[in-house]
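The primary structure of each chain is shown beneath.
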Amino acid sequence: MDWHSRRITTILENALREDSATRDATTYAVIDPNQRAAGTILAKQDCVLAGLGAVASIFQVFAHLDGTVVSHAEVTSHPEIFDGVRLHRGQQIAVVRHNARIILSCERVILNVMQRLSGIATLTRKFVDAVAGTRTRILDTRKTVAGLRVLDKYAVRCGGGMNHRLDLSDGVLIKNNHIALAGGIAAVLERAHRNCRGTQPIEIEVRNPAEFDQALKLGAEAILMDNMTPAQVAECVQRAQQHTRRVPLECSGGITLENVRSYADTGVDYISVGALTHSPSAVDMSLRVAPA
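The model shown is predicted, which means the values in this text are computed figures rather than measured ones.

Topic: the sheet that holds strand 1 (residues 36–43)
1) Next: Ordered by their spatial adjacency, four strands build an open sheet running 3-5-1-12, and the pairing between neighbours is antiparallel. Single-partner strands in this sheet number two, and they are strand 3 (74–76) and strand 12 (285–291). Pairwise comparison of adjacent strand axes, ignoring direction, gives a mean angle of 20° for this sheet.
2) Next: Of the strand pairs in this sheet, strand 3 and strand 5 (residues 92–99) are connected by three bridges, and their pairing is antiparallel. By the bridge assignment for strand 5, Glu-74 is matched with Arg-97.

Notes on helix 5 (residues 149–158)
1) Next: Counting buried positions over the 10 residues of helix 5 gives eight, a clear majority of the element.
2) Next: Here helix 5 has its buried residues at Val-150, Leu-151, Asp-152, Lys-153, Tyr-154, Ala-155, Val-156 and Cys-158.
3) Next: A positive phi of about 95° marks Gly-160, the residue just after helix 5.

Some details on the sheet that holds strand 11 (residues 270–272)
1) Next: On the basis of which strands lie adjacent, the open sheet formed by six strands has the order 6-11-10-9-8-7 and parallel pairing. Two strands close off the open sheet at either side, each with one partner strand: strand 6 (137–139) and strand 7 (172–174). Averaged over neighbouring strand pairs, the angle between their axes works out to 25° when direction is ignored.
2) Next: Pairing of strand 10 (residues 249–252) with strand 11 involves two bridges; the strand directions are parallel. Across the sheet, residue Glu-250 finds its bridge partner in strand 11, namely Tyr-270.
3) Next: Across the sheet, helix 7 (residues 185–195) lies against strand 7 and strand 8 (202–206), angled at about 165° from strand 8, the strand it touches most.

Rules used in this analysis
- Residues numbered from 1 in each chain as written.
- Predicted model: local features only at pLDDT ≥ 70, side-chain atom pairs only at ≥ 80, totals over all residues.
- Heavy atoms only, no water.
- Pairing = 2+ DSSP bridges.
- Helix = DSSP H or I, 4+ residues; strand = E, 2+ residues; numbered from the N terminus.
- Axes fitted to C-alpha atoms, helices over the stretch in contact; angles between N-to-C directions.
- Buried < 20%, exposed > 50% of the residue type's maximum accessible area, 1.4 Å probe, protein only.
- Contact = heavy atoms within 4.5 Å.

Laid out in structure tokens, this is it:
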């Protein structure tokens, strides 16, 4: 992750502006402007870390917004602490040494970013571990917080998952509404093959084995089986294995930690899980500050 890219900088800048971090009324009222401090970021539960690189970047963006900052934040962590690593409750993540006012003014944004991203990475790792030993890979979706997709999808990778489409331009995925408006599976695939440009594969969503057979026969280059049972997915996988073309298969809809293994055991290539980014629990972390 390039934490200094314009796209990431804009996200962090918006977060600091939203919090009015350069106009922290409480901190400016009670903390000496020359006070130095050390802040220790701690994991308060077992988790998978994501977002460590945001810490230094947030301080840099703050300095740019404030315009008066002359010192630089010193952010240190153990070499074995990095995004994607498993952390235990009480484990130290990083230490920040900087002007006390700046640490306090950036504290909430730092924790918000790290807690959300680590929550996504932790949940993703649970799904990845649940399908270990199978051929199946865990995918994310576009069900992300508006404006934070690049961060959310980075966190999925930190947890061992794979990214599906980053946005609508990043692949052809024909869903139920497309099929309904275009006049059915046959019509929508014919249009897709006629109008698509480039090398992006044409993937289509199907809801039952009959639709699966139709999509396979009509030249779908990847198939997403939505809201099917494990038994139905297994049936479709077997049919695809007998086909002359190798077609990547994905399933989604109603996937939980309790049933993901049963889907993976069907031999499906990918399982996409919207919950990774639309409903992760934030990891409990803290930033403890003391005079330096």
